[in-house]
Amino acid sequence: MKRTFICFFGILVFVLSVSVFDGVFMSSFAENMESVLEEIQNVKSFDEMKDSADKMVDYYKSQEFLLHRLVPTNRLEEIEVSFVKLKAFLEVENYDECLAIAAEIESRVNQLYSTGFRNWYQKIKKCIG
Amino acid sequence: MVVSVIRCITLYVAVVVAVRIMGKRQIGELQPSELVITIMLSELAALPLQDVNMPLIWGIMPMFLMVALELIMSYLTLKSMVFRRICYGNPIMLVYGGVINKQNLMKTRVSVEDIMESMRGQGISTLEDVQTAVLETNGTISIIPKQEAAPPTARDLKIKPKKDGGVPVIIVMDGHIVEHNMKAKGTTEKDLEVIIQNYGVAMEDIFMLTIDDSENTYLIKRDEK
């Protein structure tokens, strides 16, 4: 019975720690991505926009290992495709398309697995005031 | 390819650990909840193995969560009779005193053929010889023969059986001493040396050496067929 309890609590600790880590990591990832995307949407010149886009891609690359452990690859590939599109529109200096792609990336990031918790939390926070 | 190999090894280890945690009872006699868990475990392990897009943790997490639920379930059924009755049901009497209980047979959807099959398995040929047949909660049918049809025991024959030698324990296996068995049996290395000397073999030539409660030894040499 003692061994069963140890196994049970071991499993419980594993499941809880993975869940908490997943929630915290995805929330901070979404938050950081959103702040860079906001920068992209608010800057005036294309050079600044390019810098912000590079910053966003760099940040994404730095988090890639953990992202692949938590999120299905095809969903991440969708975001990566949007990065490529954004870069292409930045090259041709199409301001409207850049904003549209930035919005698309933002919605894709928010649709990622378990970032939903963060949205609920924010909604509840807003309701409370 | 490397990813698939790593995933395969990881999931194999995870499933083995999960089944081991659930306990040995799983392998022999499955209760309804245990059967569900066993089927679902294999399904959960197969998903990230087939789809490399899916993170490995998506398979491992629910797998261990299921094991945790099963542990809770088995603990509750162990502690509470009511919970056990709700989850696993009651054993149901199918035959009593050689008479079939048709109502219970209909209720459990067990055919007479199923009872006959279990009877044949125990060497009983007619229903008249059956005292009780019970459908157990794990789905097996237990047959208890009538006193006059049951094989005679030593008590019936009023004979004193020879002292039981108990279960033989392996002391040497493939030329190596099985330390924990030796300790449990209370055999010292000196005792073992004497036994081996009596057989006239070297330690490395022993394939298996067992000792029972009456200190009877049995040795198989490595080259023996």
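Below you will find a few notes about this structure.

## Focus: helix α4 (residues 95-110) of chain A
Residue and element names in this part refer to chain A.
Inference 1: Between its first and last C-alpha atoms α4 spans 23 Å; for 16 residues at 1.5 Å apiece the expected length is 22 Å, and the two agree.
Inference 2: Those residues of α4 that fall on the buried side of the exposure criterion are C98, I101, A102, I105 and V109. For α4, the arc enclosing every buried residue in end-on projection is 105°, short of the 170-degree limit, so these residues lie on one face.
Inference 3: At its buried positions, α4 is contacted by α1 (2-42), α2 (46-70) and α3 (73-91).

## A short note on the packing of aromatic side chains
For any two aromatic rings, the description comes down to two numbers: the centre-to-centre distance and the angle of the planes.
Residue and element names in this part refer to chain A.
Inference 1: Here the structure, examined in full by the defined rule, presents 10 aromatic pairs over all chains.
Inference 2: Taking the centre distance of 5.3 Å and the plane angle of 70° together, the rings of F8 and F9 count as edge-to-face.
Inference 3: Judged by relative accessible area, F8 falls into the buried class, the value being 14%.
Inference 4: Note on F29 and Y59: the rings are 5.9 Å apart at their centroids and 20° apart in plane angle, and the pair reads as stacked. Of this pair, F29 sits in helix α1 while Y59 sits in helix α2; the two residues are 30 residues apart in sequence, bridging distant segments of the chain.

## Side note on the sheet that holds strand β5 (residues 169-173) of chain B
All names here are of chain B.
Inference 1: As summarised here, the arrangement of the 4 strands in space is β6-β5-β7-β8, forming an open sheet in which the pairing is antiparallel. At either end of the open sheet lies a strand with only one pairing partner, and these are β6 (176-177) and β8 (217-221).
Inference 2: The pairing of strand β7 (residues 206-211) with β8 spans 5 bridges and is antiparallel. Bridge assignment links T210 to a residue of β8, and that residue is Y218.
Inference 3: Relative to the sheet, helix α10 (residues 189-199) contacts β5, β6, β7 and β8, its axis offset from that of β7 by approximately 120°.

## Section: the pattern of salt bridges
All names here are of chain A.
Inference 1: Counted under the stated rule, the structure contains 6 salt bridges over all chains.
Inference 2: Ionic pairing is found between E39 and K55, a salt bridge with its closest N-O pair at 3.1 Å. Highlighted residues: E39 in helix α1 and K55 in helix α2, separated in sequence by 16 residues.
Inference 3: Classification of E39 as partly exposed rests on a relative accessible area of 30%.
Inference 4: A relative accessible area of 44% places K55 in the partly exposed class.
Inference 5: Among the ionic pairs, E104 bridges to K85, the shortest N-O distance being 4.0 Å. You can see E104 sitting in helix α4 and its partner K85 sitting in helix α3, a full 19 residues away along the chain.
Inference 6: Judged by relative accessible area, E104 falls into the partly exposed class, the value being 22%.

Procedures and definitions
Residues numbered from 1 in each chain as written. Chains lettered and ligands numbered in written order. Predicted model: local features only at pLDDT ≥ 70, side-chain atom pairs only at ≥ 80, totals over all residues. Heavy atoms only, no water. Helix = DSSP H or I, 4+ residues; strand = E, 2+ residues; numbered from the N terminus. Expected span 1.5 Å × (residues − 1). Buried < 20%, exposed > 50% of the residue type's maximum accessible area, 1.4 Å probe, protein only. Arc of directions from axis to C-beta. Contact = heavy atoms within 4.5 Å. Phe/Tyr/Trp six-rings, centres within 6.5 Å; stacked < 30°, edge-to-face > 60°. Pairing = 2+ DSSP bridges. Axes fitted to C-alpha atoms, helices over the stretch in contact; angles between N-to-C directions. Salt bridge = Lys/Arg side-chain N within 4 Å of Asp/Glu carboxyl O.

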